[in-house]
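Architecture and fold: a report
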Amino acid sequence: MSKLLELKNISKIYGELHALDNVSLTVDKGEWIAIMGPSGSGKSTMMNIIGCMDKATSGQVIFDGKDISKESRRKLTEFHRDKIGLVFQQFHLINYLNAVENVMVAQYYHSMPDEKEALEALERVGLKDRAKHLPSQLSGGEQQRVCIARAIINSPELILADEPTGNLDEANENIVLDIFHQLHREGTSLVVVTHDDEVGLEAQRIVRLEHGKITSDKKNDNFHE
Amino acid sequence: MFFRMVRGTFARQWKKMLMIAVTVALGASIATAMLNVMLDVGDKINEELKTYGSNITVIPQSEAVISKLYDVENNDVQTEYIEEEKIGELMTIFWANNITDFAPVNDTLAELNGTEVTLVGSWFDHHLEFKKKGTVYQRDTGLTNLRSWWDITEGEMLDEQKHSENCAMVGVQLAAEQNIRSGDTVTVECSGRTKQLEVVGIFESGDDEDNYIYTTLDCEQELSGCGDMMKKVEVSAITSPDDELAVKAARNPSLLSGDEYDLWYCTAYVSSICFQIQEAIPEASASAVRQIADSEGKILEKTQLLMTLITVLSLFGATLGISNLVTSGVMERSQELALLKAVGATNGEVTLLVLTEIMITSVIGAAAGYFLGFAFAQVIGQSVFSSAVEMSGMAAFIVIVLIIAVTLVGSIPAIRMLMRLRPSEVLHGGH
Amino acid sequence: MIVALLAIVVGATILSGLEMIYYDVPRQMSAQFRSYGANIIFTPSGDGDINNDDIEKGVEVFGSDELEGCTAYRYENTKIHNMPQALAAIDFESVLKTSPYWHIGGDMPSGNGMALVGAKAAEGLGLKSGDTFVCVNSFEVDESVDTSDIPSYEMYTDPESGETYCDHELELVCSGILETGGSEEDYIYVTYDDITALTMNERGCDIVEVSAAGMQEDLKAAAEKINSMGLTISAKLVKRVTASESTVLTKLQSLVFIVTFVVLVLTMICVATTMTAVITERRKEIGLRKALGALNSSIIGEFMSEGLVLGGIGGILGSVLGYYFAQFVSMNVFSSSITFRPLLIPITIAASVMVTGLACLIPIKSAVDVDPALVLKGE
């Protein structure tokens, strides 16, 4: 399998605090990785660096064979909107746009907004009939599904999810995880940051972080397609 | 999509946008009101200054030269006059609308109960009609406005419609000396002709006129036997303060270059109005009453400067108020804007979106504010000067430019913040 | 917070600046109205002339700040080229203070032997600046006249009546032509020394023009006071100037008043919207406090006192800045400094605290009514 993403000796230092301390990690194409650890272990920092939303203090980030750690902020933005889809714990939908419009925002900044495609994306997450609803009219699970639809609309190579089920009940959690499985089958790489074992155990590979260092990196034997 | 996002903002976040629009409207209304008042205050104060009396006198062309040479013993016998029917020409000149009032002043020495007094014939509230080239010009004019400082101590002001032509107003000092009361009839003799005049009022003027008798023009013309002639006409006109061009033109208008001449002719300088009066009535000579004309210029200048500075202050206040709110309005939306960046928007795209929304809000606010401000200007105009303030295109232009500039400037800190905004910091908040 | 403070400071600055201008406008403008010239004239109270010492006594009624200038006129009838011509003696140094509107072509006479000729008189006599002319004063020579100074060729005896007459001559240089558009153009103006030399008679003046700053009522009171002093002068208001000045000044002051009022109301609304924005931003904080068990009243109290302190600081800063603003306006418009009125400072601060308090009250009330759970969850 070819490498999609490689972190080489990444450190991120905030003043005295070493949020990430000389971390190296490789993500293959089509791989589903869970990054787990308690609060303050450096999960969010790592996600920001992978998602091109932050720069490491030292070390290299190689994405698809290209070193992006020295790129300008604008290049990073372009890179990130082409290759990566983001899913947040708080969904972060624009509250004055309806579901389909929220999906189209991502299209708009990527290329051209296309309502038909956006509706298809919503269909994939089972929300076609809720397309014209505002975020405030949707349940938490539905909002998260809109967020996922928005993440996949530009066919990214990597989906980056930050505690995607943190604000959801069990039924909705299962729906979201089903969608992840489906994406995985289609060959999309997934990086899911979570502290929830149940969610972590769904992944192919589990990486554990503690105090900014990787403490374990194991294949998940229980993984099922 | 851009349009849908903008529309979404307005359709579903109208409360926030309304607040910004209201502030912009308030700022714009201050600006509009102040600018309109400032641009019109010159004319308004000028009208008020008309209470000082006429600022131009028109006398027969050759009177100035000839009367001194030949009428050595009696200055008031004139050889030259202005024909009464020619005076209507005053209403046909370029700056006719700036002429607020005019009245003939025919003075004659007459005898009243054996003492020599000055008798003045004039218009009081005269209705004048003048036909020229098929157009009928008409105007109510006369001393009633030109002697606004008169105190009527007894009786009333002479009214040409109500009273007969053989009525008179007597100066307070003369009335006291001769023991004349309002309602009395006095006999006036002049060059062998006598007339009985009914005294309708006693006035106090505070100057030499307290010793005069004022009567109607017709009555004076009959007594002095000068026919339908005028010896002197007092004109009160709204003028612009003199500047370098006016000073240059006053020396000799023919020395001006073509452009300068046009500018001078089309500006309401006292000298250009005088010049136009002479053009219209060639046998007359019009000259500025320096005491009035100069002072008007000075006071106008000061008033305008005062209003300008007050306006600048108010604009400054309005500016700060608006930019304040624009800034905080954008800051409030930082989370949403950070999200757009996380979804892949570049700084430029987010800035454009924010600016478009703010600009639309501002323009709506400014339009509402302009009309509100114009209403304020009218309130000011009506309550202070009892007349409407003119709508100025210039004020509208300045307000538009100002509001756009203010909105842009007010957005600068917000945009700088946007540039620095890290989506990662905002989006992971609230854990 | 900085944003709100800025808004309050700007509001208070505008308020205090306009207040000061409002109170100072009549005084400052009144000085400008002095360009209309004299607003009080002294005439002889009896049949005689005005005693020159009495002028000073009369003028003392006005303070040195109020008195703009005073000019005494003495008129004499003389002949030039055998034609009657009125001469007036004045002090050339002070005349422009009472008649600032005089336009002089050429130079103002700088001493004896020079004359300022009215435009009409100059036209009649054919005089230009620099020309020389001779004034003749004819009078009958009787015992009261000291003939020792009169050249003999000026005297002649009428053969019929046997009386002796004198045609006393004085040569004058026309240094400038006076243009006013009024009756002043008929006269020729000379110095007191020249007129005494020509008439061989020293006497007081006929009329005194006084230009003093003040509203009509003040001037009236001053005139009455002068008249009650028992001098040889009787003071009179030039109504045309004083009455008109009062009208225009009243209008101007009410203009500034209304402008102040409108600007004040609008600034108040601006401060209120800014405060609303500031408090809306802090809704989350308010919700959190409520969730932690704070009472509505204690939250209102806390936020209000914050607002009032802000209003107070803004008011103090605004008063200071407003004074500098008013001073700036005054220096630029009237070239004189503004009168400092300490009373305006507490007024400004009180107004600023009140406005801020009112502006805070409404948004705080609506903010505390919100369910804390909703606020904390986000939208």
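I will try to describe carefully the structure that is included in this document. (Residues numbered from 1 in each chain as written. Chains lettered and ligands numbered in written order. Predicted model: local features only at pLDDT ≥ 70, side-chain atom pairs only at ≥ 80, totals over all residues.)

Focus: the overall build of chain B
Put simply, the test is: Each helix is a run of H or I in the DSSP string that is no shorter than four residues. Each strand is a run of E no shorter than two, and both are numbered from the N terminus. Each residue is classified by how many other C-beta atoms fall within 10 Å of its C-beta atom, where C-beta atoms are placed from the backbone; a count of 20 or more means buried, 12 or fewer means exposed, and values in between mean partly exposed. Each residue gets a C-beta atom placed from its backbone, and two residues are in contact if those atoms lie within 7 Å.
Helix and strand counts for chain B stand at 14 helices and 15 strands. The buried share of chain B, taken over its 431 residues, is 48%. Of all intrachain contacts in chain B linking residues separated by at least 6 positions in sequence, the fraction that spans at least 24 positions is 77%.

Looking at the overall build of chain A
For chain A, the count of helices and strands is seven helices and 10 strands. For chain A, the proportion of its 225 residues judged to be buried stands at 51%. In chain A, 67% of the contacts between residues at least 6 apart in sequence involve partners at least 24 apart.

Concerning the interface of chain B and chain C
Applied cut-off: Residue classes follow a fixed rule: Ala, Val, Leu, Ile, Met, Phe, Trp, Tyr, Cys and Pro count as nonpolar, while Asp, Glu, Lys and Arg count as charged, and any other residue, Gly among them, counts as polar.
On the side of chain C, 58 residues touch chain B, which itself brings 54 residues to the contact. Among the secondary structure elements, those contributing two or more residues to the side of chain B that touches chain C are helix 2 (14-49), helix 3 (63-70), strand 15 (284-288), helix 10 (290-332) and helix 12 (347-385) of chain B. Of the residues that constitute the side of chain B that touches chain C, the class distribution is 27 nonpolar, 19 polar and eight charged.

Points about the sheet that holds strand 8 (residues 189-194) of chain A
By definition, the strands of a sheet pair up through backbone hydrogen bonds, in either a parallel or an antiparallel sense. All names here are of chain A. As a reminder, the rule being used: Strand pairing requires that DSSP identify at least two bridges connecting the strands. Between the N-to-C directions of two axes lies an angle of 0 to 180 degrees, each axis being a line fitted to C-alpha atoms and, for a helix, fitted only over the stretch in contact.
Across the sheet, which stays open at both edges, the six strands sit in the order 6-7-8-3-9-10 with mixed pairing between neighbours. Bordering the open sheet on either side are strand 6 (84-87) and strand 10 (213-219), each of which pairs with just one other strand. Strand-to-strand twist of the sheet, defined as the mean angle between neighbouring strand axes without regard to direction, takes the value 15°. Relative to strand 7 (residues 158-162), strand 6 runs parallel, the two being bridged by four bridges. Paired with Ile-84 across the bridge in strand 7 is Leu-158. Against the sheet, helix 1 (residues 43-50) makes contact with strand 3 (32-36), strand 7, strand 8 and strand 9 (205-210), and its axis sits at roughly 155° relative to strand 7, the strand it touches most.

Some remarks on the pairing of strand 5 (residues 115-122) of chain B
All names here are of chain B. Pairing of strand 4 (residues 106-112) with strand 5 involves seven bridges; the strand directions are antiparallel. In the strand pairing of strand 5, Leu-109 is matched with Thr-118. Adjacent in sequence and paired antiparallel, strand 4 and strand 5 are bridged by two residues, among which Asn-113 carries a positive phi angle near 50°.

Topic: the nonpolar core
Here is the rule we go by: Throughout this description, the term nonpolar core refers to a group of buried Ala, Val, Leu, Ile, Met, Phe, Trp, Tyr and Cys residues whose C-beta atoms join them within 7 Å.
With 267 residues, the main nonpolar core has Val-103, Val-105, Leu-122 and Ala-149 of chain A, Ile-56 and Ile-277 of chain B together with Val-208 of chain C as its most contacted residues. Looking at this core element by element, the count peaks at 20 residues for helix 7 (residues 239-281) of chain C. What Ile-277 of chain B contacts, discounting residues up to four positions off in sequence, is Val-58, Leu-90, Ile-93, Ala-284 and Ala-286 of chain B. The next biggest cluster of nonpolar side chains, apart from the first, holds 26 residues, and it includes Ala-89, Ala-122, Ile-188 and Val-190 of chain C.

Here's the deal with the pairing of strand 3 (residues 83-89) of chain C
Residue and element names in this part refer to chain C. Relative to strand 3, strand 2 (residues 67-80) runs antiparallel, the two being bridged by seven bridges. Residue pairing for strand 3: Glu-76 is matched across the bridge by Leu-87. When strand 3 meets strand 9 (residues 188-190), the two strands line up parallel, connected through three bridges. Looking at the pairing, Leu-87 lines up with Ile-188 of strand 9.

Describing helix 9 (residues 270-280) of chain B
Residue and element names in this part refer to chain B. Along helix 9, eight of the 11 residues are buried, which leaves the element largely enclosed by surrounding structure. Among all positions in helix 9, only Val-270, Ser-271, Ser-272, Ile-273, Cys-274, Gln-276, Ile-277 and Ala-280 are buried. Looking at the packing, one finds that the buried side of helix 9 touches strand 1 (56-60), strand 14 (233-237), helix 7 (244-251), helix 8 (258-265), strand 15 and helix 10.

Observations concerning the sheet that holds strand 3 (residues 99-104) of chain B
Residue and element names in this part refer to chain B. Spatially, the four strands line up as an open sheet ordered 3-14-1-15, and their pairing is antiparallel. With one partner strand each, in any of the chains shown, strand 3 and strand 15 form the two edges of the open sheet. The average angle at which neighbouring strand axes cross in this sheet is 20°, direction not considered. The pairing of strand 1 with strand 14 spans three bridges and is antiparallel. Note that in strand 14 the partner of Thr-57 across the bridge is Glu-234. Packing of helix 9 onto the sheet brings it into contact with strand 1, strand 14 and strand 15, and relative to strand 15 it is tilted by some 170°.

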